[in-house]
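Breakdown of the fold
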Amino acid sequence: MSAFMGYDAWINSRFGVIMTNMNNIFGNNFLHGKTILELGAGHGDFGYKFYELGMDVTCIEGRPENLEILNQKYPFFTSKLGDMDKELIEKHYNVILTVLKIVIYLF
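Summarised in this report is the structure supplied together with it. Computed from a predicted model, the values in this text were never measured in an experiment. (Residues numbered from 1 in each chain as written. Predicted model: local features only at pLDDT ≥ 70, side-chain atom pairs only at ≥ 80, totals over all residues. Heavy atoms only, no water.)

In this section: the packing of aromatic side chains. Geometrically, a pair of aromatic rings is defined through the distance of the ring centres and the angle of the planes. This structure, assessed with the given rule, holds 13 aromatic pairs. Judged by centre distance (5.6 Å) and plane angle (25°), the ring pair of Y48 and Y51 falls under stacked. You can see Y48 and its partner Y51 sitting in helix α2 (residues 45-51), three residues apart, about one turn around the helix. Y48 gets classed as partly exposed once you look at its relative accessible area, which sits at 27%. Judged by its relative accessible area of 36%, Y51 falls in the partly exposed class. It is R14 that lies over the ring of F46; its NZ or CZ is 4.8 Å from the centre. Geometry around F30 places K34 over its ring, the cationic atom sitting 4.5 Å from the centre. (Phe/Tyr/Trp six-rings, centres within 6.5 Å; stacked < 30°, edge-to-face > 60°. Helix = DSSP H or I, 4+ residues; strand = E, 2+ residues; numbered from the N terminus. Buried < 20%, exposed > 50% of the residue type's maximum accessible area, 1.4 Å probe, protein only. Lys NZ or Arg CZ within 6 Å of the ring centre and 35° of its normal.)

Here we come to the environment of L97. As for its position among the elements, L97 is in strand β4 (residues 95-97). Look at L97 and you get buried, because its relative accessible area is 1%.

These figures capture arrangement, not role.
Rendered as structure tokens:
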């Protein structure tokens, strides 16, 4: 079993894999100007990678302590405390990101 590479390295590695695949499918700058909803956003660090691409980021986080940190680090995100087992998403997003996968809506 290998040692954990560290939080920043993990985020950069995961983001790199996602962006390599996205760029191969859709081309560079496809995400610029689009909306993303991150479910289970934690401290918002992964969402910030998409913000740097020019995306409008919305975060839903289930833990109040994580949401407090997220709001301090990234006050320009739209964020809220939520439980996606009990709530519906009322707005359209181009991309929905969860811990396990990314879903792209082209419409």
